[in-house]
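# Coordinate inspection notes
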Amino acid sequence: MGNTIINAGDTAWVLMATALVMLMTPGLAFFYGGLVRRKNILGVLMQCFAALCVVSIQWVLFGFSLAFAPSHGFWGGFAFAGLKGVGFAPNPAYAPTIPFEAFMVFQMMFAVITPALIIGAFAERMKFSSFLLFTLLWTTFVYDPIAHWVWGMGGWLRTLGVLDFAGGIVVHTTAGIAALVTALIIGKRKIDRASPPHNLPFAALGAALLWFGWFGFNAGSALAANGLAVSTFVVTNTAASSAGLTWMFMDWIFNGQTTVLGTITGAVAGLATITPASGFVSPASAIIIGFFAGVFCFLAVSFLKPRFAYDDSLDAFGVHGIGGILGVIATGIFASTLINPHGANGLLYGNTKQILIQLLAVGVTIVYTFMATFIIYKLIDVILGVRVGEKEEFMGLDLSQHHETGYTLME
Amino acid sequence: MKLIVAIIQPYRLEHVKEELYKMNVNLLTVSEVLGHGRQKGITEIYRGIKESGNLLRKIRIDIAVNEEFVETTIKAIIKGAKTGETGDGKIFVLDLKDCIRIRTEERGPVAIG
Ligand SMILES: Nc1ncnc2c1ncn2[C@@H]1O[C@H](COP(=O)(O)OP(=O)(O)O)[C@@H](O)[C@H]1O
């Protein structure tokens, strides 16, 4: 079993990072919540909190096992179900210096935020009951298997040597593609002519919380309080800033002025894009990756979406899907063993093989996620009906789904 | 000149605007108001405590029009706002004494359009 001595510093950092990642889901709720119309703010907040509750329980009961138990290459099986054997002793296959249970709960927060990211695609029009079922099924049949492929012991992509430091494939590509699928099938919102965000300060607050939490997401993925965690931290902040600036200037060039929404969206796109690369690349590479994140995500949101006329309400695909895919490919280009000796070199450092592995991994993930999400959606549509009725949609999800209102007009 | 005041369901506003624009009625003022009518609201529930306050959110639309536009405007509002259920709202038509465009100080019917 190798060296399995618990390190206090590592454990403290991973627990701290877990709490940081947990905060990202409510952060996302405010990011998305600020962007919807005021009658749907609670609908979005509720979906994010519900994802936190549902996936936390699913993870403890069987989700963690499906993702991380050592079974075969495609599916983790039930060896760790109910957290059997997941205790204080470290599991050196994942993290040799922290209790295995700390690794489990750190990973839990990733499983929580991934389905929450998809909310952006079907915001303002999904039934709450269907959302609950969707979150449970999607986590079980899409997130858990793909987490196993990429990160699980014996996972087939992990065995192939794919590099995904903190979830460019597992989190952002899966969520982004699922967003595209659901936006395509659920259809446009009834009134979708540019409805302005009802509370941009909330969106900015949400983006700030996401950025803050992302230090846990990426630097926590070092699973130790060491130099690699520091390097990841720096790279993460650098890419976010670079992408935020890029989007700011893209707005200036294409729309004539800089915007708050553009800048914070750019930063989030940079964070999503650097995620898979964050533990393998230098700060200089992060500036370049952030730049491309800003350019490509801006183009996706500004031109691809109108061109193909799907109503990805809050750009979950344009930001997380495009950013995630881009980041996975960038990892195959910019990765360097000087930064992380356990990683690999990318194209820039003379290794042509890595980028092929990255492309294969992201390609298979896209196809599997697309099909599985489609089937899950159709199944729920038959059982419960996914979309709210027209009247409920006009009334807003706050009142129609939860019988509450976000804002009163008078006391 | 008439002042047309319509109280409608908030979720019908987009439809009403659409119908008005189709009839070339483009000038209007919209405000959010609370109204008490016959309609029972959706009961809001906060930690199990039911709030069925009888003041419901409504949208008020104010449109000042010249005589030839009165019927068109009324019809457009009905077309956009009518669902046949209690709470669809009401339209009040008031005589309008005068109208002044501040920018030009024009008065009367010319100032309306
Ligand atoms: N006599 C009135 N004076 C002022 N406002 C009214 C009057 N009657 C109705 N309203 C407004 O119209 C709204 C709808 O009326 P309500 O009685 O609920 O349904 P209905 O339109 O089917 O009669 C009320 O909430 C109120 O704002």
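These lines cover the structure that appears in this document, whether it is placed above or below.

### Re unusual backbone geometry
Although it is not a glycine, H403(A) sits at a positive phi angle of roughly 55°. Along the chain, H403(A) turns up in the segment after helix 14 (397-402). Using a relative accessible area of 28% as the deciding quantity, one classes H403(A) as partly exposed. Its identity is not glycine, yet E105(B) carries a phi of approximately 65°, on the positive side. Residue E105(B) is classed as exposed on the basis of its relative accessible area of 64%.

### Looking at the site of the ligand
Residues and elements named next belong to chain B. In the vicinity of the ligand lie 13 residues, with R38, Q39, G87, G89 and K90 positioned nearest. At 2.5 Å from an oxygen atom of the ligand is found a main-chain nitrogen or oxygen belonging to R38. G89 places a polar main-chain atom, nitrogen or oxygen, 2.8 Å from an oxygen atom of the ligand. For the ligand, whose unbound accessible area comes to 550 Å², protein coverage reaches 71%. Looking at the shell around the ligand element by element, the count peaks at three residues for strand 6 (residues 89-95). By residue class, the composition of the shell around the ligand is two nonpolar, seven polar and four charged.

### Quick look at the packing of helix 4 (residues 128-151) of chain A against helix 6 (residues 168-186) of chain A
Residues and elements named next belong to chain A. Look at helix 4 against helix 6: their axes get within 10 Å of each other, and the N-to-C directions meet at 140°. Classified by the angle between their axes, helix 4 and helix 6 sit oblique to one another. As helix 4 packs across helix 6, the resulting crossing turns out to be right-handed. For the pair helix 4 and helix 6, the contacting residues are F134, W138, Y143, I146, A147, V150 and W151 in the first and I169, V170, V171, T174, A175, A178 and T182 in the second.

### A look at the pattern of salt bridges
What the rule picks out here adds up to 17 salt bridges over all chains. Across the salt bridge formed by R387(A) and E393(A), the nearest N and O atoms sit 2.9 Å from each other. Given the relative accessible area of 2%, E393(A) is considered buried. A salt bridge links K2(B) to D95(B); the shortest N-O distance between them is 2.7 Å. One end of the pair, K2(B), is in strand 1 (residues 2-8); the other, D95(B), is in strand 6, with 93 residues separating them in the sequence. In this structure K2(B) comes out as buried when scored by relative accessible area, which is 18%. For D95(B), a relative accessible area of 65% corresponds to the exposed category. Residues joined by salt bridges that share partners form a network here, namely R37(A), E124(A), R125(A), R189(A) and D311(A).

### Digging into the sheet that holds strand 6 of chain B
The strands making up a sheet associate through backbone hydrogen bonding, with each pair oriented either parallel or antiparallel. All names here are of chain B. Strand order across the open sheet formed by four strands is 2-5-1-6, with antiparallel pairing between neighbours. If you trace the sheet from one side to the other, it starts and ends with strand 2 (29-35) and strand 6, each paired once. Each strand axis lies, on average, 20° off the axis of its neighbour in the sheet, ignoring direction. In the sheet, strand 1 pairs with strand 6 via seven bridges, with the strands oriented antiparallel. Paired with I8 across the two strands is G89, which belongs to strand 6. Sitting on the sheet, helix 1 (residues 13-22) touches strand 1, strand 2 and strand 5 (56-65), and the angle it makes with strand 5 is about 15°. Sheet strands in contact with helix 2 (residues 70-81) are strand 1, strand 5 and strand 6, and its direction is about 5° off that of strand 1.

### What about helix 7 (residues 200-219) of chain A?
Residue and element names in this part refer to chain A. Compared with an ideal rise of 1.5 Å per residue, which puts 20 residues at 28 Å, helix 7 spans 28 Å between its outermost C-alpha atoms and is within 8% of the ideal. For helix 7, the principal kink sits at G213 and spans about 30°. Restricting attention to buried positions, one finds in helix 7 the residues A203, G206, A207, L210, G213, W214, F215, G216, F217, N218 and A219. Its buried side turned inward, helix 7 meets helix 1 (8-35), helix 3 (100-122), helix 6, helix 8 (227-255), helix 9 (260-274) and helix 11 (316-334).

Rules of the game
Residues numbered from 1 in each chain as written. Chains lettered and ligands numbered in written order. Predicted model: local features only at pLDDT ≥ 70, side-chain atom pairs only at ≥ 80, totals over all residues. Heavy atoms only, no water. Helix = DSSP H or I, 4+ residues; strand = E, 2+ residues; numbered from the N terminus. Buried < 20%, exposed > 50% of the residue type's maximum accessible area, 1.4 Å probe, protein only. Near = heavy atom within 4 Å. Polar contact = N/O pair within 3.5 Å; in protein donor to acceptor, adjacent residues only side chain to side chain. Areas by Shrake-Rupley, 256 points an atom, 1.4 Å probe, with all protein chains shown as cover. Nonpolar A, V, L, I, M, F, W, Y, C, P; charged D, E, K, R; others polar. Axes fitted to C-alpha atoms, helices over the stretch in contact; angles between N-to-C directions. Parallel < 35°, antiparallel > 145°, perpendicular 65-115°, else oblique. Left-handed = near helix turned anticlockwise from the far one by under 90°. Contact = heavy atoms within 4.5 Å. Salt bridge = Lys/Arg side-chain N within 4 Å of Asp/Glu carboxyl O. Pairing = 2+ DSSP bridges. Expected span 1.5 Å × (residues − 1). Bend = angle between axes of the 7 residues up to and from the residue.

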